[in-house]
Every structure is written in structure tokens, then in C-alpha cells.
Amino acid sequence: MSTELEAVGGQPVGISGDAVERQAEFAGKHRLGYPLLSDADGVVRAQFGVKQDMLGLTPTNRVTFVIDTDRRILAVVRSEFRMDSHADKAVEALRNRRSA
């Protein structure tokens, strides 16, 4: 999917509440091919209005923001279980931006 994102001008970046060390371990294990950033203090999550699951019903709160170079949010994708939908919808949003 990274190739498709690059073709439409996208650059994936992951961010989570995990510590930098855990992010590095995860990135090395899974060879994602894009940077992972740590938001251990939750500042970025709060700025984007992403709520943390305090009850532990879901392991993570997955939200994808497609942000244009002018910092406009083009799309927000929320899905805990359909990971492919995040990338597919990001590519679609970037394609629509190019044709607009």
C-alpha cells in the first residue's frame, strides 16, 4: 500500500501512545517501511480528539487522518477491525484531492 500512497503523493506515518523503545521494537519486527512516532503523554491524541479506550474493550483506538500539505484534514477514517479500509480510504482521499 505504501507504493499506492506514494503514487498519489502520500507519506504514511504511524503514531501511538507507546514509548519510543516499544515503537522501535515494533517497527523492527514488522518492517513497516514508514516512521512510527510516540505520543506517550497523549498530547497529539488530545489535539486530534482521539479518545483512549479506558475500559480496555478494544486493544487500540485506530484513527487515520489524511492531512494535506497545507495542513487541511482531507479525511478521517475510524475502524478498529478493517485495517485495509484505512489505507484504501487514504489513497481515495488523496486521489480526490488531485482531481479537485
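These figures come from a predicted structure and were not determined experimentally. (Residues numbered from 1 in each chain as written. Predicted model: local features only at pLDDT ≥ 70, side-chain atom pairs only at ≥ 80, totals over all residues. Heavy atoms only, no water.)

Undergrad: Would you mind going over the overall build of the chain with me for this structure?
TA: Along the chain, the regular secondary structure elements total four helices and four strands. Secondary structure of the chain in N-to-C order comes out as α-β-α-β-α-β-β-α. Counting all 100 residues of the chain, 24% fall into the buried class. If you take every contact in the chain between residues at least 6 apart in sequence, the share linking residues at least 24 apart comes to 27%. Surface exposure of the chain reaches about 7,500 Å², of which carbon and sulfur atoms provide 52%. (Helix = DSSP H or I, 4+ residues; strand = E, 2+ residues; numbered from the N terminus. Buried < 20%, exposed > 50% of the residue type's maximum accessible area, 1.4 Å probe, protein only. Contact = heavy atoms within 4.5 Å. Areas by Shrake-Rupley, 256 points an atom, 1.4 Å probe, with all protein chains shown as cover.)

Undergrad: Please clarify how the pattern of salt bridges should be interpreted in this entry.
TA: Should the charged atoms of two oppositely charged side chains come close, the side chains can pair. Enumeration over the complete set of coordinates arrives at four salt bridges. Through salt bridges with shared partners, a single network forms among Asp68, Asp70, Arg72 and Arg97. (Salt bridge = Lys/Arg side-chain N within 4 Å of Asp/Glu carboxyl O.)

Undergrad: Looking at this structure, how should I read the nonpolar core?
TA: Core analysis: the biggest nonpolar cluster contains eight residues, these being Leu5, Val8, Val66, Ala75, Ala90, Val91, Ala93 and Leu94. Among the elements that take part in this core, helix α4 (residues 83-99) stands out by supplying four residues, more than any other. (Core = buried A, V, L, I, M, F, W, Y, C linked by side-chain atoms within 4.5 Å.)

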